[in-house]
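A look at the structure
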Amino acid sequence: MSYGQGGPQSQWDPWKPNSQQPWSSGADDGAPDWAALAEASESRNKRRKVLFIAGGALATAAIGTAVAMAVVSANGGDPQAGPSNLPASASLPGSGTATPSFAPTSAPPPLDPKDFISSAQKDTAPLGPDTLFPGKQLTVGDAVYKKGPTADTPSCATVAGGTLPKVLTANGCTRMMRATYTKGDIAVTVGVAVFDTAAQATKAKAQTDDRSIVRSLFGKGVKNFCDGAFCRSTRNAYGRYAYFTVAGFTNGKDVTKKDTKVFDVGNDLAQFTVNQIYRRGQAQAQAASQ
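A short tour of the structure in this document, coming up. Numbering of residues starts from 1 in each chain and follows the order in which that chain's sequence is written. Per-residue local features are limited, in this predicted model, to residues with pLDDT of at least 70; the limit for side-chain atom pairs, both in listing and counting, is 80 or more; totals at the level of whole chains, interfaces and linings are taken over all residues. The side-chain quantities take in all heavy atoms of the structure and omit both hydrogens and water.

1. A look at the packing of aromatic side chains
Classification of ring pairs rests on two measures: the distance between centres of Phe, Tyr or Trp rings, Trp counted by its six-membered ring, which must be within 6.5 Å, and the angle between planes, read as stacked under 30 degrees, edge-to-face over 60 and tilted in between. Within the structure shown, the criterion is met by 1 aromatic pair. Summarising the aromatic geometry, the rings of F133 and Y181 are spaced 6.4 Å apart at their centres and angled 65° between planes, so their arrangement reads as edge-to-face. Of this pair, F133 sits in the loop between α3 (129-132) and β1 (137-140) while Y181 sits in strand β4 (residues 175-183); the two residues are 48 residues apart in sequence, bridging distant segments of the chain. For the pair formed by F133 and Y181, the shared burial category is buried. Sitting over a ring, as applied to charges here, requires NZ of Lys or CZ of Arg to be within 6 Å of the ring centre and within 35 degrees of the ring normal. The ring of F116 carries K122 above its face, with NZ or CZ at 5.2 Å from the centroid. Numbering of helices and strands runs from the N terminus; a helix is a DSSP stretch of H or I covering at least four residues, while a strand is a stretch of E covering at least two. When a residue's accessible area, from a 1.4 Å probe over protein chains only, is under 20% of the maximum for its type it is buried; when over 50% it is exposed; and in between it is partly exposed.

2. So, the state of the cysteines
Throughout, a disulfide means two cysteine sulfur atoms within 2.5 Å of one another. Under the defined criterion, the tally for this structure stands at 2 disulfides. Here C156 connects covalently by a disulfide to C173, the sulfurs 2.1 Å from one another. Across the S-S bond of C156 and C173 the torsion is about -75°, and the bridge reads as left-handed. Here C156 is found in the loop between β2 (143-153) and β3 (160-162), whereas its partner C173 is found in the loop between α4 (164-170) and β4, with 17 residues between them in sequence. The pair C156 / C173 is uniform in exposure class, with both members buried. The partner cysteine of C226 in its disulfide is C231, sulfur to sulfur 2.0 Å. Between C226 and C231 the disulfide shows an S-S torsion of about -105°. By sign, it is left-handed.

3. Concerning the sheet that holds strand β8 (residues 241-249)
Spatial ordering of the open sheet is given by β1-β2-β4-β5-β8-β7, a layout of 6 strands whose pairing is antiparallel. On the outer flanks of this sheet lie β1 and β7 (232-238), each paired with one strand and no other. Across this sheet, the average inter-strand angle for adjacent strands is 25°, counted without regard to direction. Contacts from helix α5 (residues 198-206) reach β7 and β8, with the element oriented near 150° to β7. Two strands are counted as paired when DSSP detects at least two bridges linking them. Only the contacting stretch of a helix is used when fitting its axis, a line to C-alpha atoms as for every element, and angles between N-to-C directions run 0 to 180 degrees. Any two residues whose heavy atoms approach within 4.5 Å at even a single point are treated as in contact.

4. Overview of the environment of A143
Structurally, A143 is set in strand β2. A143 sits in the buried class, given a relative accessible area of 10%. In this structure, the C-alpha to C-alpha distance between A143 and D264, residues 121 residues apart in sequence, is 9.8 Å.

5. Observations concerning the pairing of β2
Where β1 lies against β2, 4 bridges are found, and the strand directions are antiparallel. Bridge pairing in β2 links L138 to Y145. Hairpin connection between β1 and β2: a loop of 2 residues separates the two successive antiparallel strands, and G141 in this loop has a positive phi of roughly 65°.

Set out below in structure tokens:
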């Protein structure tokens, strides 16, 4: 016997077409609760999505940390070891566009000025007292030195004293140029001996001693100095040039270790001379590179 409207209760078969799922009357008839199942499935999907996003964020953070550490490491290191292979402005791998490649080029190395003043074959620029000692005065810092007489001779030994004439002759000195500068009652003569090669000039300098002295040059308003009195002398060589100074008082007074002003004058003129020799080589090197 049946109750309610309609005919007999239809049976739902998921594999049979046109079959219908019966409505639940609220009683537990063994049929699954599809709404609850759908809600549970949706809840599981949301949790999986959240876990996936969180996992992806952690992985991205880990990769970002690894890249950052690599960049820091590449830009760090011992500063004495030289520059880093990775510039500080480098971008992360994969970003931007590929660096364009260019055909390899090579610039010629700069010419060494000393090469041009180390042999007579290369050192061909005009040379004379006025080129090494230009102008009428010399200013070094706060000191101003007035230029006096100049001289130039191929007979090197005739303008040298003590043990210097023998040294110059033995090593083939071809020319001696001299110039005198004064400051108050102090005068200094600079002598530049010219050789064919740097080896000759270096050997000559090595053979000198405290008695190897260039003769002072006076006249044209400069009184006789360092002629019988104790004076301070220096000697050195650069390129194919050996240069000497002798400094003292124009009043004939002996120079002692306390006379630091005389030492300063000699040092200033010696430094100026080697600077002039270097500039000579520098000018020739620049002209040859153009």
